[in-house]
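Chain by chain, the residues:
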Amino acid sequence: MIWPYPRLVAHRGGGILAPENTLLAIDTGWQLGYRAAEIDAALTRDEIPVLLHDDTLERTTNGRGRLDEVNADHVAGLDAGSWLDARFAAARVPTLDAALQRCSEQGIWLNVEIKPVPGHEVRTGELVARAVAQFWSRAPFPGRHDSQATPPPLLSSFSPDALVAARLAAPGLRLGVLFTEVPSDWQAVLRRLGAFSLHCDHHHLSAQVAHAIRAAGYGLLCYTVNDPARARELLDWGVDAICTDRIDLIKPDADLQVPAPRVPFTGT
Ligand code: G3P
Ligand code: MG
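For clarity, every value in this text was computed on a predicted model and none was experimentally measured.

## Concerning the packing of helix H3 (residues 96-106) against helix H4 (residues 121-137)
Line of reasoning, step 1. Running from N to C, H3 and H4 cross one another at 35 degrees; their axes reach a closest spacing of 10 Å. Along this stretch, H3 crosses H4, giving a crossing that reads as right-handed. In contact with Leu-96, Asp-97, Leu-100, Gln-101 and Ser-104 of H3, H4 contributes Val-128, Ala-131, Val-132 and Phe-135.

Here it is in structure tokens:
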């Protein structure tokens, strides 16, 4: 299996340099040469996919409560940047559609992590996958003639239920299974879910397990790798991609940037 995506991925859009999971984060990664981003997607009460990591609003916005207790129009008005720095006060929680649009315009490949608020695993998998597939089926994208050169997003999740629902909703999209620590039955899990790749915390990965995953024909992405020497080590082990907060320290170069072979998308 040849990894058809960039090998460096900006965690939560733009790592630590901008408010996580915002369009500003995606823009910041792009400015530093990143052409891939990981984002977290969850559902509001009225079932609109938006970018948010936590189940609740407090940490990264000036809102309160659970995401599944508020509608998208309320979320859209929240300040999603001041928690990091007052100069980011204009940052907002984007819809998944807005993030897909921005990334298609900029040629940024996306790893969309399906991040269900507990109790909404199936519906989140279904609606996130559907939103991605529907967006990707629309062509041409306004203002960008070569957007098809960026491969379709890869969906990932810690939730098997979300992945099963995503597969049913959008069978044309590739799936990654997220683990903190790679379990001994990883191969059975990936096979059962029809996954393309395995994503894991690099702290728990050995070179031996990395080789086994690659030898079995799966892609391998590690998070969250913030030390450049460790990033190099993992890539030398054969890890396909690393997801990082330190987009200022780990710099994309020609070897790690998009080879971007065209990946046909067959629709939903
Ligand atoms: O997808 C990799 C990574 O984002 C998983 O952890 O908690 O940062 O979403 P978390
Ligand atoms: Mg994530």
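## Concerning the coordination of the magnesium ion (ligand 2)
Line of reasoning, step 1. The protein atoms that coordinate the magnesium ion (ligand 2) are Glu-38 (OE), Asp-40 (OD) and Glu-113 (OE), at distances of 2.0 to 2.2 Å.
Line of reasoning, step 2. Site description for the magnesium ion (ligand 2): donor spacing in sequence, E-x1-D-x72-E. Linking Glu-38 in strand E2 (residues 36-43) with Glu-113 in strand E4 (residues 109-114), this pair joins segments that are 75 residues apart in sequence.
Line of reasoning, step 3. With a relative accessible area of 5%, Glu-113 lands in the buried category.

## So, the packing of H4 against helix H5 (residues 160-169)
For any two helices packed against each other, the geometry is given by the interaxial angle and the distance between the axes.
Line of reasoning, step 1. Where H4 meets H5, the closest approach of the two axes is 7 Å, and the angle between their N-to-C directions is 35 degrees. Between H4 and H5 lies a crossing whose hand is right-handed. Residues Glu-121, Val-122, Gly-125, Glu-126 and Ala-129 of H4 lie in contact with H5, whose contacting residues are Asp-161, Ala-162, Ala-165, Ala-166 and Ala-169.

## Some points on the pairing of strand E7 (residues 197-201)
Line of reasoning, step 1. Of all five residues making up E7, five are buried, and the element is well covered by its neighbours.
Line of reasoning, step 2. Across the two faces of E7 the burial is the same, with Ser-197, His-199 and Asp-201 and Leu-198 and Cys-200 all buried.
Line of reasoning, step 3. Inspection of the sheet shows strand E6 (residues 175-179) paired to E7 by four bridges, in the parallel sense. Counterpart to Gly-176 in the pairing with E7 is Ser-197.
Line of reasoning, step 4. With helix H6 (residues 186-193) bridging E6 and its parallel neighbour E7, the resulting β-α-β unit is right-handed.
Line of reasoning, step 5. The pairing of E7 with strand E8 (residues 219-223) spans five bridges and is classified as parallel. Considered in E8, the bridge of His-199 is made with Leu-221.
Line of reasoning, step 6. A crossover connection joins E7 to the parallel E8 through helix H7 (residues 207-215); in handedness this β-α-β unit is right-handed.

Reading the values: rules and limits
- Residues numbered from 1 in each chain as written.
- Chains lettered and ligands numbered in written order.
- Predicted model: local features only at pLDDT ≥ 70, side-chain atom pairs only at ≥ 80, totals over all residues.
- Heavy atoms only, no water.
- Axes fitted to C-alpha atoms, helices over the stretch in contact; angles between N-to-C directions.
- Helix = DSSP H or I, 4+ residues; strand = E, 2+ residues; numbered from the N terminus.
- Left-handed = near helix turned anticlockwise from the far one by under 90°.
- Contact = heavy atoms within 4.5 Å.
- Donors = N, O, S within 2.8 Å, 3.2 Å for Na, K, Ca; no water.
- Buried < 20%, exposed > 50% of the residue type's maximum accessible area, 1.4 Å probe, protein only.
- Pairing = 2+ DSSP bridges.
- Right-handed = clockwise from strand over helix to strand, strands pointing away.

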